[in-house]
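Residue-level listing of the chains:
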Amino acid sequence: MSQHRTAGEDLALLTAHEASRCLAEGKVSSVQLTQRMLDRISQSQNNVFITVNLKALEEAAAADARRAKGEVRGPLDGIPMALKDNISTQGLRTTCASRMLADFVPPYSATVARRLSDAGCVLLGKLNMDEFAMGSTSENSYFGAVKNPKDPQRVAGGSSGGSAAAVAENLAYFTLGSDTGGSVRQPAAMCGVMGMKPTYGRISRYGVVAFASSLDQIGPITKDAEDCALVLAAIAGKDPYDGSSLANPLPDYLAALEGGAKGLRIGIPKEYMGEGISPEVRAAVEAMAKTLEDQGAVVESCSLPRTEYALSAYYVISSAEACSNLGRYDGVKYGYRTKEYKNLAEMIEKTRSEGFGDEVKRRILLGTYTLSAGYFDAYYKRAQQARTLIMEDFRKVFHQYDVLLTPTSPVTAWPLGQKHANPLELYAMDVCTVSVNVAGLPACSVPCGLDSQGLPIGAQFIANTLGEAVLLRAAAAAEKGGSV
Amino acid sequence: MTITIETVQHIAHLAKLQLSDTEMSRLADEMEKIVGFADKLGELDIEGVKPTTHAVAVHNVLRDDELKPSYDRGKILQNAPERDAACFLVPKVVE
Amino acid sequence: MDEFKTVIGLEVHAELDTKSKIYCGCTTEFGGEENTHVCPICSGMPGVLPMLNRKVVEYCVRAGLALNCAINPYSRQDRKHYFYPDLPKAFQTSQFDQPLCLKGYVDIVADGQPKRIGITRIHIEEDAGKLIHEVGQTRVDYNRCGVPLIEIVTEPDFENSAQVHAFLEALREILLYTEVSNCKMEEGSLRCDVNLSIHRVGEPFGTRTEMKNLNSFSAAVAAVQYEAQRQRRVLSAGGKITQDTLRWDDAAGNNYVMRSKEDADEYFYFPEPDIMPMVLSDGYIDRIRQTLPELPAHRRERYVSQMGLPLYDAQLLTVSKFISDFFDQTVAAGAQPKSVSNFIMGDIMRLLNERGWAAEKLPISAQSMAELLSLIEKGAISNSMGSKVIEIMFDEAKSPTDIVQERGMAQVSDAGAIREMCRQVIAENPKIVDDYKGGKVKAITALVGQVMKMSRGKANPSMVNQLLEELLN
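The structure presented is a predicted model; accordingly, all values stated were derived computationally and were not measured. (Residues numbered from 1 in each chain as written. Chains lettered and ligands numbered in written order. Predicted model: local features only at pLDDT ≥ 70, side-chain atom pairs only at ≥ 80, totals over all residues. Heavy atoms only, no water.)

Some thoughts on helix α10 (residues 383-395) of chain C
To keep things clear, this is the line we draw: Think of it in three bands: with a 1.4 Å probe and only protein chains considered, a residue is buried below 20% of the maximum accessible area for its type, exposed above 50%, and partly exposed in between. Here a helix means four or more residues in a row that DSSP labels H or I, a strand means two or more in a row labelled E, and each is numbered from the N terminus. Whether two residues are in contact is decided by their heavy atoms: any pair within 4.5 Å suffices.
When we look at burial in α10 of chain C, the residues that qualify are Met385, Gly386, Val389, Ile390, Ile392, Met393 and Phe394 of chain C. Against the buried residues of α10 of chain C lie α8 (337-355), α9 (366-377) and α11 (400-406) of chain C.

Observations concerning the packing of helix α9 (residues 279-294) of chain A against helix α16 (residues 468-481) of chain A
Residue and element names in this part refer to chain A. Selection rule: Axes here refer to lines fitted to C-alpha atoms; in helices the fit is confined to the stretch in contact. Angles between the N-to-C directions go from 0 to 180 degrees. We call two directions roughly parallel when the angle between them is under 35 degrees, roughly antiparallel when it is over 145, roughly perpendicular when it lies between 65 and 115, and oblique otherwise. Following the grouping adopted for this structure description, the nonpolar residues are Ala, Val, Leu, Ile, Met, Phe, Trp, Tyr, Cys and Pro, the charged ones are Asp, Glu, Lys and Arg, and the polar ones are all others, Gly among them.
Here α9 crosses α16 at 95°, and the two axes come no closer than 9 Å. Between α9 and α16, the angle is such that the two are roughly perpendicular. The segment α9 lies against α16, with Met288, Thr291 and Leu292 engaging Ala474, Ala477, Ala478 and Gly481. Taken together, the residues of the contact of α9 with α16 sort by class into 5 nonpolar, 2 polar and no charged.

Focus: the nonpolar core
Defined as follows: Definition used in this section: a nonpolar core is a set of buried Ala, Val, Leu, Ile, Met, Phe, Trp, Tyr and Cys residues joined via side-chain atoms within 4.5 Å.
Counting 268 residues, the largest nonpolar core has Phe132, Phe394 and Phe461 of chain A together with Ile150, Phe167 and Leu175 of chain C as the members making the most contacts within it. The element contributing the most residues to this core is helix α10 (residues 310-325) of chain A, with 10 residues. Counting 34 residues, the second largest nonpolar core, distinct from the first, contains Val340, Leu352, Ile364 and Leu372 of chain C.

Section: the sheet that holds strand β13 (residues 245-249) of chain C
Residue and element names in this part refer to chain C. Defined as follows: Any two strands are treated as partners once DSSP identifies two or more bridges connecting them.
Reading across the sheet, the 9 strands line up as β2-β6-β7-β10-β1-β11-β12-β13-β14 and stay open at both edges, with mixed pairing between neighbours. Each end of this open sheet is capped by a strand with a single partner; those strands are β2 (70-71) and β14 (254-259). Contacts from helix α2 (residues 161-177) reach β1 (4-15), β6 (101-110), β7 (113-126), β10 (148-154) and β11 (190-200), with the element oriented near 115° to β6.

What to know about the interface of chain B and chain A
Under the convention used in this document: Here's the idea: put two parts together, see how much 1.4 Å probe accessible area each one loses, and the total over both is what we call buried area. By definition, a salt bridge exists where a carboxyl oxygen of Asp or Glu is found within 4 Å of a side-chain nitrogen of Lys or Arg. Between N or O atoms, a polar contact is any pair within 3.5 Å; within protein, one atom must be a potential hydrogen donor and the other a potential acceptor, and residues adjacent in sequence are included only when both atoms are from side chains.
The interface is formed by 52 residues belonging to chain B together with 62 residues belonging to chain A. Buried surface at the junction of chain B and chain A, both sides included, amounts to about 5,100 Å², of which 68% is carbon and sulfur. In this assembly, chain B and chain A are joined by 5 salt bridges. The shortest N-O distance in the salt bridge between Glu308 of chain A and Lys40 of chain B comes to 2.8 Å. At the junction of chain B with chain A, the criterion picks out 21 residue pairs in polar contact (both at pLDDT 80 or more). Going through the elements one at a time, α1 (5-14), α2 (21-38) and β1 (88-91) of chain B are the ones with two or more residues in the side of chain B that touches chain A. Of the residues in the side of chain B that touches chain A, the class split is 31 nonpolar, 8 polar and 13 charged.

Some thoughts on the pairing of strand β7 (residues 194-197) of chain A
Residue and element names in this part refer to chain A. Every second residue of β7 is oriented toward a common face, with Met194 and Met196 on one face and Gly195 and Lys197 on the other, all of them buried. By the bridge criterion, 2 bridges tie β7 to strand β8 (residues 217-222) in an arrangement that is antiparallel. Within β8, the position partnered with Gly195 by the bridge is Ile221. Both β7 and strand β12 (residues 443-450) contribute to a ladder of 3 bridges, which runs antiparallel. Directly across from Met196, in β12, lies its bridge partner Cys444.

Looking at the packing of aromatic side chains
Both the distance between ring centres and the angle between the ring planes are used here to describe each pair of aromatic rings. All names here are of chain A. Cut-off, in case you're wondering: Stacked, tilted and edge-to-face are the three classes applied to pairs of Phe, Tyr and Trp rings, where Trp contributes its six-membered ring and a pair requires centres within 6.5 Å; stacked means planes under 30 degrees apart, edge-to-face means over 60, and tilted covers the rest. We call a charge positioned above a ring when the Lys NZ or Arg CZ atom is no farther than 6 Å from the ring centre and deviates by at most 35 degrees from the ring normal.
Overall, the coordinates contain 24 aromatic pairs over all chains when judged by the stated rule. Ring geometry for Tyr314 against Tyr315: centres 4.8 Å apart, planes inclined by 85°, an arrangement best described as edge-to-face. The pair Tyr314 / Tyr315 is uniform in exposure class, with both members buried. Taken together, a centroid distance of 6.2 Å and an interplanar angle of 90° make the contact between Tyr329 and Phe356 edge-to-face. You can see Tyr329 sitting in the loop between α10 and α11 (344-355) and its partner Phe356 sitting in the loop between α11 and α12 (358-371), a full 27 residues away along the chain. The residues Tyr329 and Phe356 share a single accessibility class, namely buried. Among the aromatic side chains, those forming a connected cluster through ring pairs are Phe104, Phe132, Tyr329, Tyr334 and Phe356. Taking NZ or CZ as reference, Lys419 lies 5.0 Å from the ring centre of Trp414, over its face.

Some words on the environment of Asp224 of chain A
All names here are of chain A. Among the secondary structure elements, Asp224 is positioned in the loop between β8 and α7 (225-235). A C-alpha to C-alpha distance of 48 Å links Asp224 and Met347, two positions 123 residues apart in sequence. One polar contact links the side chain of Asp224 to the main-chain amide nitrogen of Glu226, over a distance of 3.3 Å.

Some details on a nonpolar patch on the surface
Residue and element names in this part refer to chain C. The cut-off we apply is this: Excluding any residue in a salt bridge, patches collect residues exceeding 30% relative accessible area, merging like charges within 9 Å and nonpolar Val, Leu, Ile, Met, Phe, Trp and Tyr side chains within 5 Å. Every accessible area reported is derived by Shrake-Rupley at a probe size of 1.4 Å, with residue values counting cover from the shown protein chains alone.
On the surface, Tyr312, Leu316 and Val319 cluster together into a nonpolar patch covering about 310 Å² of accessible area. Relative to the helices and strands, Val319 is located in the loop between α6 (311-317) and α7 (321-332). The class for Val319 is exposed, based on a relative accessible area of 58%.

If you want it as structure tokens, here you go:
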């Protein structure tokens, strides 16, 4: 466990659990924390927020009032946080970083937003991202690219680039992102913070604007494992509005942090450490393995033979589901509508062509192609069969290991604009993260040192279904070992 | 698989997207690469493998037949690009 | 002349009679101001998710069992995609390759001939919204959006419009009896599409057309006749049928092309990831089977063969499940079937009609009805007095015995009193008595009438008859 800092230092640097303790000890108010964050947000140059919540201070004052009356709702009461802008917030615009929804104000809140609000959290605002969560750089935003706080010339990763950058830049105590193929873990890695994608179904998707329904999952981005445990405990669990949400009881995530590395069985799948992984990243992950081994973990090499198909399966499934989920943006009910049109058909086509950015259109076309007559069996159905095989691979290795350890991203953050022209090269960057979504498993990215340019490296732990507790245990042990 | 401009045109029509000629040829190019990459799935031996349609093995998730209040109409219509007091408005639909 | 054979299949959509919509808690109630039965889920807002209504599955299984279908132990929902402003998600959540019910049948009689119509499948899906066309614009109302439907797809087993009509009647009856749909055509609760092709005898099936917008049974009949004739004309003239989707214009009595095959939709069906599959156990299916009511065709058969009722009675009694149940319960309480039937078809139907009441509003219990019939049978009141008692029972919640007692309606069967009245009538009507004695035997009915009048309807008519004959001879 990291040693606890107090209100004596810059409030912005506190973790959520440290801020929570300061609130509990009366050393600081939620209004103070919130004001500090709002000040930093207004000074930030990294294009992290799309919308700032004008009611944040009001919410903070309400939290302080509750505390004064002894009606504290829990450890997150009064903690300022922010949400990726694909998480619906009643009365606060939710844009998905798209021109299509630039003015959309939902009359409802996502279950996760409601749960955090019920836990007393203060909503600072909505975070920049790749349009409709499609991308791995957060450059595909109608509101402009997010810059990496560690090096503003570089990408923050994506698609939850704003969510990771906000935590890295101390603009929020924690944030939520969404992860369809690595979109929480990869930007967390590139910004040097922790990000977890829980088991598919562990957290309600209700109110999270759908990209690929069978892969999407909400996840916390935090400064450390303890914060991750706190946030997970607040948002996980069955939701009557999400049929895919799981009813399994929640374990004690905070207790899991204390498990330590001793006896932890760690597998390193060799398919994740081969060609395409930068030597510096590979070395950092190996060093982390060594540290954990020194603490008593058992580390071995293992194999997930069908890993190479995960990326293809991922792009086929996610694009097909995306083309279905994005059909509703037609200029009829909400969102952008083109200005000039002769008839309904033209209105719909022009609206969609002008409202969506290039990457979104590319995925819609790919999805339409793979679902169209004659191709369904060759692509979508085959991808789902590949999915079965990939899940089988994982099931086998989890007989032997508690967690798997891999790089989160094959490389560290690259310069803005560098890979923008080559979609396929960009897609290949998701190679370490997508199979987890394809298999519905939980995984997290933890900071794993810096490369020679001082850029953060992320290591990924993967666990079996509903293994969030063991992920937290491994992440906490990795923190304790210190970064390499 | 070769993706021609005609294919892109057809797919774009199905997806209700209007693309310029330059977009069309660029996308034909990109899609050919991406589809080629998806074609990798063809290498897999999938004989007799059941497709995974849902990521969790849960079934019969049903709700009771109970009424919940509907939303205030103003809230339903508030984001409509064009509306009157009661309805969404679209250009005349010819049936 | 009849060198062509017509081949017809139907796709019938029935709205299910649930309280709430298929994926959200909004009401399914018909009407209401535009967009007032709407929430983010049924209007397809970003990020919302569907949650399947348990009753929808149950009702579809009920309908399936009543239509002799096999119930699919594994079933799931799929997305069917098309762009149209009445479909807010740009896909309809439906079922594609794993529907809830498969392979059933309905037995019908058309033109006096029995015929079995195969059911290919029944699946659940959601209804679309309503487009209101005005000059220069179309208004969109999502009140109906998400109302649960079952789609019943038949085999191409129909040969003519009479069979189509008989099938629709039989189907309507079954859906009403199983209480899965209110089948109100005027509210669009039951609609059908027709697939029709014709071919020369001995040749393979012809190209079929699909016809939509058939909102009444008469429209379906007229549309089938029209389309069969149209195709016959085209083929006879050496033309070709194209695989078009047609729209029936009921007012004009003709159809026109909505869509030709070239721009047929591609629906991109794929499994709905947001709705978990349905796995139905034998126990679940059996429990639903046990709640199925006896179906109308079976009831008619029983009324005729076991109770000896004329087919006419059986048909009238089964027009409504409520009436048929009332009939069965009254018989079960000890009444004679034919007497119950007479009273239902006579007084009860008349009184309901006069008041404009639906059968379900009948204020008489089967027990009271049986009690009334037993009073008649015992001779305590006359048949015509029984009619009066029923009328009173429509307005007052009293038992027939109490009504008869309170109002002194009991039949007089005291031979002495009746004999006295008969003597008086004979004395007062010498002309009629002469006629009778002169051989006009029927003249006695006039005397009976006089005695009944004198007794204010209460004298036992058969005793009057008997005593008059006695006194006159």
